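# Architecture at a glance
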Amino acid sequence: MMILNSLKTAMSFAGGGMTRATGTGTGNSGGLSGAGGKSQGPLPGLTLSDELVEDIKKSVETSQSLQRSMESARDGARGEKVARLKEKIEQLKERIRFASPQQAKALMKELKQLAKEFKGAAKELGSEAQSLASPAAAAAGSGLIQPDGGAATAEMLAGAAPVNQTDPARQPDPTKTADADDPEGADAADPQADRQQDLRKAVLSYVSEQMREEIMVAGGRAEAMKLERDEFEKIGKEIKYLAGQIELLHKLGKGDRDDKIRRDRKGVLDALEDGIDRLNDPKVIRAIDGAIAARSALGTQPDAPSEPVTADVSPQLGSLAYSLQTSASLTVPASGRVA
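Residues numbered from 1 in each chain as written. Predicted model: local features only at pLDDT ≥ 70, side-chain atom pairs only at ≥ 80, totals over all residues. Heavy atoms only, no water.

Moving on, we get to the overall build of the protein. The helix and strand inventory of the protein stands at nine helices and zero strands. When the helices and strands of the protein are listed from N to C terminus, the series reads α-α-α-α-α-α-α-α-α. (Helix = DSSP H or I, 4+ residues; strand = E, 2+ residues; numbered from the N terminus.)

This brings us to the confidence of the model for the protein. Interpreting fine coordinate detail is not advised for predicted regions of low pLDDT. Of all residues in the protein, 61% attain a pLDDT of 70 or more, and the chain-wide mean is 73. Here helix α5 (residues 154–158) stands out as the element of the protein with the lowest mean pLDDT, 48, in contrast to helix α3 (residues 104–130), whose mean of 95 is the highest. Note that residues 147–151 has pLDDT below 50 and, in this model, eleven contacts with residues that lie over four places away or in other chains. A low-confidence stretch, residues 156–171 stays under pLDDT 50, and its non-local contacts, those more than four residues away or across chains, total 44 contacts. (pLDDT = per-residue confidence, 0-100. Contact = heavy atoms within 4.5 Å.)

Turning next to helix α1 (residues 2–14). For α1, built from 13 residues, the straight-helix expectation of 18 Å at 1.5 Å per residue is met to within 8% by its first-to-last C-alpha distance of 19 Å. Within the sequence span of α1, burial applies to Ile3, Leu4, Ser6, Leu7, Lys8, Ala10, Met11, Ser12 and Ala14. (Expected span 1.5 Å × (residues − 1). Buried < 20%, exposed > 50% of the residue type's maximum accessible area, 1.4 Å probe, protein only.)

Now for the nonpolar core. Within the largest apolar cluster, 38 residues are counted, with the highest numbers of intra-cluster contacts made by Leu111, Phe118, Phe232, Ile239, Ile246, Val268 and Ile288. Secondary-structure elements contributing two or more residues to this core are α2 (50–97), α3, α7 (191–252), α8 (260–279) and α9 (282–299). Looking at this core, the element that brings in the most residues is α3, giving eleven residues. Each residue touching Phe118, except ones within four places of it in the same chain, is listed here: Leu85, Phe232, Ile235, Gly236, Ile239, Leu272, Gly275 and Ile276. Membership of the second largest hydrophobic core comes to 20 residues, among which are Met11, Ala14, Val60 and Ile215. (Core = buried A, V, L, I, M, F, W, Y, C linked by side-chain atoms within 4.5 Å.)

Moving on, we come to the environment of Leu114. For Leu114, the position within the fold is in helix α3. With 158 residues separating them in the primary sequence, Leu114 and Leu272 have C-alpha atoms 9.8 Å apart. In contact with Leu114, not counting residues within four places along its chain, are Leu85, Lys88, Ile89, Leu92 and Ile239.

With respect to the helices, strands and loops of the structure, Arg229 is situated in helix α7. One buried charged side chain, Arg229, makes no salt bridge at all; its nearest oppositely charged neighbour is Asp289, positioned 6.9 Å away. (Lys, Arg positive; Asp, Glu negative; His and termini not counted. Salt bridge = Lys/Arg side-chain N within 4 Å of Asp/Glu carboxyl O.)

Tallying each qualifying case throughout the model produces 26 salt bridges. Two residues, Lys93 and Glu238, come together in a salt bridge whose shortest N-O distance is 3.2 Å. One end of the pair, Lys93, is in helix α2; the other, Glu238, is in helix α7, with 145 residues separating them in the sequence. With relative accessibility at 27%, the residue Lys93 sits in the partly exposed group. Residue classification places Glu238 among the partly exposed positions, given a relative accessible area of 30%.

Running from amino to carboxyl end, α1 crosses α7 at an angle of 160°, the nearest separation of the two axes being 9 Å. When the axes of α1 and α7 are compared, the pair comes out roughly antiparallel. Like other packed secondary-structure pairs, α1 and α7 cross with a definite hand, here left-handed. Residues Ile3, Leu4, Leu7, Ala10, Met11 and Ala14 of α1 form the contact with α7, whose participating residues are Arg200, Val203, Leu204, Val207, Gln210, Met211 and Glu214. Looking at the contact of α1 with α7, its residues break down into ten nonpolar, one polar and two charged. (Axes fitted to C-alpha atoms, helices over the stretch in contact; angles between N-to-C directions. Parallel < 35°, antiparallel > 145°, perpendicular 65-115°, else oblique. Left-handed = near helix turned anticlockwise from the far one by under 90°. Nonpolar A, V, L, I, M, F, W, Y, C, P; charged D, E, K, R; others polar.)

Attention shifts here to the environment of Ser131. Summarising the element assignment, Ser131 is placed in the loop between α3 and α4 (133–142). The sequence separation of Ser131 and Ala287 amounts to 156 residues, and the corresponding C-alpha distance is 7.5 Å. Polar contacts involving the side chain of Ser131 include one to the main-chain carbonyl oxygen of Glu128, which spans 2.5 Å. (Polar contact = N/O pair within 3.5 Å; in protein donor to acceptor, adjacent residues only side chain to side chain.)

The subject of this paragraph is the packing of aromatic side chains. Aromatic rings in a pair are described by how distant their centres are and how their planes are angled relative to each other. Counted by the stated rule, this structure contains one aromatic pair. On the basis of an interplanar angle of 65° and a centroid distance of 5.5 Å, the ring pair of Phe118 and Phe232 is categorised as edge-to-face. Of the two residues, Phe118 is situated in helix α3 and Phe232 in helix α7; the sequence distance between them amounts to 114 residues. Of the two residues examined, Phe118 and Phe232, each falls in the buried class. (Phe/Tyr/Trp six-rings, centres within 6.5 Å; stacked < 30°, edge-to-face > 60°.)

Let us look at the packing of α7 against α8. The interhelical angle for the contact between α7 and α8, taken along N-to-C directions, is 170°, at an axis separation of 10 Å. When the interaxial angle is binned, α7 and α8 end up roughly antiparallel. Between α7, through Arg229, Phe232, Gly236, Ile239, Lys240, Ala243, Gly244, Ile246, Glu247 and His250, and α8, the contact on the second element is made entirely by Ile261, Arg262, Arg265, Val268, Leu269, Leu272, Ile276 and Leu279. Its residues placed into classes, the contact of α7 with α8 shows ten nonpolar, three polar and five charged.

This is how it looks when you write it as structure tokens:
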């Protein structure tokens, strides 16, 4: 959400519209929309300049870099947890093969702890997956993805927002017309207004490019998370299988009637169910599928043409501050409940 907030602010500086996504229509209302869908106008008294445009870009890229670092750290930490969990399961499998009935209770207690770790990692994945919905939803709200499949341009994003001027004296007199005998009327087409429009287009084009990048990155993460869901499903089945094997081992000790092992087995299954339920939350599945679909939609569109800007405005509209690694798509069943 950090980078999306920065992009919304940048659009408000340029007088562009970005609404809160509601699933209906797009919001090119000339300002940053607030609560209840009401839109605000461009920031009062704001005149764009080359320096301000560059400051906007730096602010966006700072937020972008920080968000990418945080996402990478969370994904990496979760991946390490899953790797350790799989390693512990393999070790436990080997120990069960040579265990005695008297060791069954200790083994089940250990498996119960692994099930809790599974539940925690699964919930982390579910929470992270839900955050993928934000870039696609914001893009739909901003009009970046058009109904006909085309990519939005800066002018589409800008809508009908007026260029904001700080000096009323620079505004043309509506009572005067420009003709050869009226020098003041001829000057009414203020070059400063044209300059503001060029700067405004530059900011909106930059925002459009950065939003596209956010969608592409979110889609790549979504594909990786589909693979993770598939991995969690396999791990869950293995944990459930081991619980059954340990209980059978315990039953071989005919003289031991302790019910604690059965309570621990129930704790294992409950933790598994909680984790799988989180991964099968419809919101999680919609977020992953939606991020992948948004990425695919942009992937089939031609790149939006760059808006013309004057020579002293930086032509670099997209930072590409981070690289995208594309992973192959894997179809994961909607229901990953351990059978």
